[in-house]
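Per-entry structural report
Spelled out from the first residue to the last, the chains are:
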Amino acid sequence: MPPPTLSRPDPHYGINADVHPTGPSGLVRKDRVEAIENQTSNEETRTVGVEHNFARSTYWVERVSSLLFFLAIWQGISTFFLEDFILPPPLEVGREIVSIVETGELWEHALFSYQRLFIAFALTLVMGSAIGLAMGMSRWLDGFFRDASVIMFTTPSLIFVLVAGLIFGISYVGPIVAIVVASFSYVSFNLWEGVRSVPKDLMDMGQVYKMRRVARIRHIVMPAVAPYGFQGARFGFAMTWKVALLAEVFGGNSGLGYKMGVAYQSFDVTSLLAWVLSFVLSALFFERLLLQQLENRSLRWRPDVGGG
Amino acid sequence: MVPRSSTGTRTGGGAAIVGTLGRFITSRQGGILAFVLLALAGWQLTVPLLVTEQLPLPADVARFMWDELRVDTLAPYSVYEAFATTMQRLMWGLAWSVAVGLPLGLMVGWSRRVEAFFRDWIFLLLASPALIWALILSLWFGFTNVAPIATVALVVLPYIVMNVSQGVKDVPLDLLDMGRSFQVPRRTMIRHVILPSQMPFLFAAVRYGFANGWKGLLVAEVFGSDSGAGWMIRYWYEARRAYAVIGYALFFVLIALVLERVFFQTLSNRVFRWRPSVEEGASAKATDRGIGAE
């Protein structure tokens, strides 16, 4: 079995696509895959899933002009059609962001949010991978956890947030529980898929050559599971921060989501947009840069990822 | 196989039953059953131990659901009305996002420059949680139908655009070449070559958008509406009735699974009737992966 490359259809289409916001690594890998395909002029499989293969664009003119175009539309609507309190012009939102940075409010709430977010993310990873590995290793455990996991990601995360809010009230723990319950299944489904992708022939060979168990896990199982693990981590993180946001809007007394809720309740569109932009952009930053760097680094050995 | 005893059918039958039972318990189905039983038992047993009064027992939730189904409810809308409103909004939202997303996706798939123009925004749309649209739109439009419908449309739009643009790249090149050499008019090409090859992609996007869109819709109804399933959940939440919130969640999951399994499966078979086999090629990949896809 060849190592899973992303030129084949995303096995998680419909499972993970939910939280597949940017697919940053998909972008990079796809490019390289596409470059190879172009070299061999072999135009074949394309992904249907959300793991898109938008080519890495060098069309800077279009991208910059698109940014300017939409900013101009925003500015135009705000000056000519709507009152400022309904749609503030972009500059005013920018000024608001600068002001919350300067007063230190942003750091205070971001620190609080991200601290909790990373605790929850760590727990999600631990729980998700334990369940995913268990599901991959035994059919019985697969049956045991599968329906639970399916229900977990069919249920809207709003429900977990609300129920956790009812049980724990406004507390530090409530959102963590909601986040973990809502997002672990994304990690576990990926790991399950990863375990199934472990090459059977290599495992057999390892047995024949009497490889030690540790060595087998290190050299056969881990390399096969790793890409799925990273994918799961990325999807998991995307889900995690969305649920965290929701939880803070509903039952927080501090944090970025809480500030959004306050802005919403006081009908302050400028402040709402400022907080929204700072959270979304920072979460995307973590997702894209940190997790993706980590992934590229650990998957260097794969020809289509690191080797180029 | 259980070896059949030759001496008596009675012992043989007993062994067979034990064998079947053993196989069932250790099988996947056994795992499923074990989960359901353990989950219910765990729920029933741990709740009384907790300090909080908020957590309901399974029986409370079941009673609530049964009452709701019989339209015996304290809330202003019955469960049927609530979900009917929600479904209507969902359909409108999907319709809007297909109406906007299909042409946009075709353009994005057609030209690299258009793709470069829209790409960053599509990523941004994909990445932003529905909550943000729900908050902003409900500030703008108040408690009307606009905020929920627009939220659904915005949540689903990027999936449609991306899938359709993938589909354009997937248009059979040989057919296009043939059309060109036979000088088939552009309109005919679009109608008979491009659109049919788009169907699996569009279908996947709609199916997928459905699963996501209505989670977004729920959030939008919580913040920017005064009817629908999302609002009902909020209503019960504010009344501090955990059993009702959980009951509504279960209704939601049940409806989602039924729709996914029955409605989309039927529709998919119908739309792809013209294909020799639905299980083959892109359509299978595109359509057979729903929320609960194995």
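Residues numbered from 1 in each chain as written. Chains lettered and ligands numbered in written order. Predicted model: local features only at pLDDT ≥ 70, side-chain atom pairs only at ≥ 80, totals over all residues. Heavy atoms only, no water.

Below, the discussion takes up the nonpolar core. All names here are of chain B. In terms of nonpolar packing, the biggest core is built from 112 residues, with F223 and Y248 touching the most fellow members. For Y248, the residues in contact, after removing those within four places along its chain, are F64, E68, S78, V79, A82, F83, A229, M232, I233 and W236. Core analysis: the second largest hydrophobic core is formed by 17 residues, A130, L137, V155 and Y208 among them. (Core = buried A, V, L, I, M, F, W, Y, C linked by side-chain atoms within 4.5 Å. Buried < 20%, exposed > 50% of the residue type's maximum accessible area, 1.4 Å probe, protein only. Contact = heavy atoms within 4.5 Å.)

This brings us to the confidence of the model for chain B. Parts of the model with low pLDDT should not have their predicted coordinates read in detail. Residue and element names in this part refer to chain B. Predicted confidence across chain B gives a mean pLDDT of 77, with 85% of residues reaching 70 or more. For chain B, per-element mean pLDDT is lowest for helix α12 (residues 281-287), which scores 36, and highest for helix α4 (residues 79-110), which scores 88. Among the prediction metrics, the complex's ipTM stands at 0.73, with pTM recorded as 0.73. (pLDDT = per-residue confidence, 0-100. Helix = DSSP H or I, 4+ residues; strand = E, 2+ residues; numbered from the N terminus.)

Let us look at the packing of α4 of chain B against helix α7 (residues 146-169) of chain B. Residue and element names in this part refer to chain B. Two elements in contact, α4 and α7, have axes whose closest approach is 6 Å; the angle formed by their N-to-C orientations is 35°. The element α4 and its partner α7 pack so that their crossing is right-handed. Among the residues forming the contact of α4 with α7, the class breakdown is 21 nonpolar, six polar and two charged. (Axes fitted to C-alpha atoms, helices over the stretch in contact; angles between N-to-C directions. Left-handed = near helix turned anticlockwise from the far one by under 90°. Nonpolar A, V, L, I, M, F, W, Y, C, P; charged D, E, K, R; others polar.)

Take the pattern of salt bridges next. Any two side chains of opposite charge can pair, on the condition that their charged atoms come close. Per the counting criterion, the structure on display carries ten salt bridges over all chains. Between D204 of chain A and K200 of chain A there is a salt bridge; the shortest N-O distance is 3.2 Å. One end of the pair, D204 of chain A, and the other, K200 of chain A, are both in helix α8 (residues 200-208), four residues apart, so they sit about a helical turn from each other. In this structure D204 of chain A comes out as partly exposed when scored by relative accessible area, which is 32%. Exposure remark for K200 of chain A: the relative accessible area of 58% places this residue in the exposed category. Between E221 of chain B and R89 of chain B there is a salt bridge whose closest N-O contact spans 2.8 Å. Residue E221 of chain B is located in helix α9 (residues 186-224), and its partner R89 of chain B is located in helix α4; the two are separated by 132 residues in the primary sequence. The exposure class assigned to R89 of chain B is buried, which follows from its relative accessible area of 4%. (Salt bridge = Lys/Arg side-chain N within 4 Å of Asp/Glu carboxyl O.)

Residue and element names in this part refer to chain B. As for its placement among the helices and strands, L217 is situated in helix α9. The class of L217 is buried, set by a relative accessible area of 0%. With residues near it in sequence (within four places) discarded, L217 still touches T86, R89, L90, P148 and V152.

We now examine the packing of aromatic side chains. Taken as a whole, this structure holds 29 aromatic pairs over all chains when the rule is applied. Taken together, the aromatic side chains of F64, F83, F210, W214, W231, Y235, W236, Y243, Y248, F251 and F252 of chain B make up a single cluster linked through ring pairs. The cationic tip of R116 of chain A hangs over the ring face of Y172 of chain A; the distance from NZ or CZ to the ring centre is 5.3 Å. Positioned over the ring face of F235 of chain A is R234 of chain A, at 5.9 Å from the centre of the ring. (Phe/Tyr/Trp six-rings, centres within 6.5 Å; stacked < 30°, edge-to-face > 60°. Lys NZ or Arg CZ within 6 Å of the ring centre and 35° of its normal.)

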